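Notes for the structure review
Given next are the chains, with one letter for each unit.
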Amino acid sequence: MAQARKVATYVLVIFVLYTIINQPSRAADLVQVGFVGISNAAKSIGKFMHDLAN
């Protein structure tokens, strides 16, 4: 099982590097979308906690 995890990690890293090298603008767009999603989730949790406290 540990060996399968290692192989999967290596494949993922190689895929990410391949994407960054061949399509840097697309990779930047994907990273931006990820950060926007995380930011929106944090804002939503903050608003929920604020509304819950009131």
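About the criteria used
- Chains are numbered independently. Their residues run from 1 in the order of the written sequence.
- Confidence filtering applies because this is a predicted model: local features only for residues at pLDDT of at least 70, side-chain atom pairs given and counted only at 80 or more, and all residues used for totals across whole chains, interfaces and linings.
- Processing note: side-chain calculations cover all non-hydrogen atoms of the structure and skip hydrogens and water entirely.
- A helix here means a DSSP run of H or I that spans at least four residues, while a strand means a run of E at least two residues long, and both kinds are numbered starting from the N terminus.
- What the globule rule says is 2.2 Å times the number of residues to the power 0.38, and the radius of gyration is computed from C-alpha atoms.
- To sort residues, take the accessible area from a 1.4 Å probe on protein chains only and compare it with the maximum for the residue type: under 20% means buried, over 50% means exposed, and anything in between is partly exposed.
- Note on areas: Shrake-Rupley, 1.4 Å probe, and residue coverage restricted to the protein chains presented here.
- A contact between two residues is defined here by any heavy atoms of the two lying within 4.5 Å.
- Here a helix's expected span is defined as the number of its residues, less one, multiplied by 1.5 Å.

1. As for the overall build of the protein chain
Looking only at helices and strands, the protein chain features two helices and zero strands. Since a compact globule built from 54 residues should have a radius of gyration of about 10 Å, the 18 Å found for the protein chain marks it as more spread out than a globular shape. By principal-axis analysis of the C-alpha atoms, the protein chain measures approximately 50 × 35 × 5 Å. Expressed as a percentage of its 54 residues, the buried residues of the protein chain come to 4%. Approximately 5100 Å² of the protein chain is accessible, and the part contributed by carbon and sulfur atoms is 71%.

2. Side note on the side chain of threonine 19
By secondary structure assignment, the location of threonine 19 is in helix H1 (residues 2-22). Those residues within four positions of threonine 19 in sequence are excluded, and the remaining contacts are Pro24 and Ala27.

3. Some points on H1
Taking 1.5 Å of rise per residue, the 21 residues of H1 would be expected to cover 30 Å, and the 30 Å separating its terminal C-alpha atoms lies within 8% of that figure. Judged by how many residues are buried, H1 sits mostly at the surface: one of 21 residues are covered.

4. Things to note about the environment of glutamine 23
Residue placement: glutamine 23 occurs in the loop between H1 and helix H2 (24-53). Note on glutamine 23: relative accessible area 46%, which makes it partly exposed. Counting along the chain gives 19 residues from glutamine 23 to alanine 42, while the straight-line C-alpha distance between them is 29 Å.

5. Focus on the environment of phenylalanine 15
Tracing the chain through its elements places phenylalanine 15 in helix H1. Its relative accessible area of 53% is what places phenylalanine 15 among the exposed residues. Each C-alpha atom, one on phenylalanine 15 and one on serine 44, is 32 Å from the other, the two residues being 29 residues apart in sequence.

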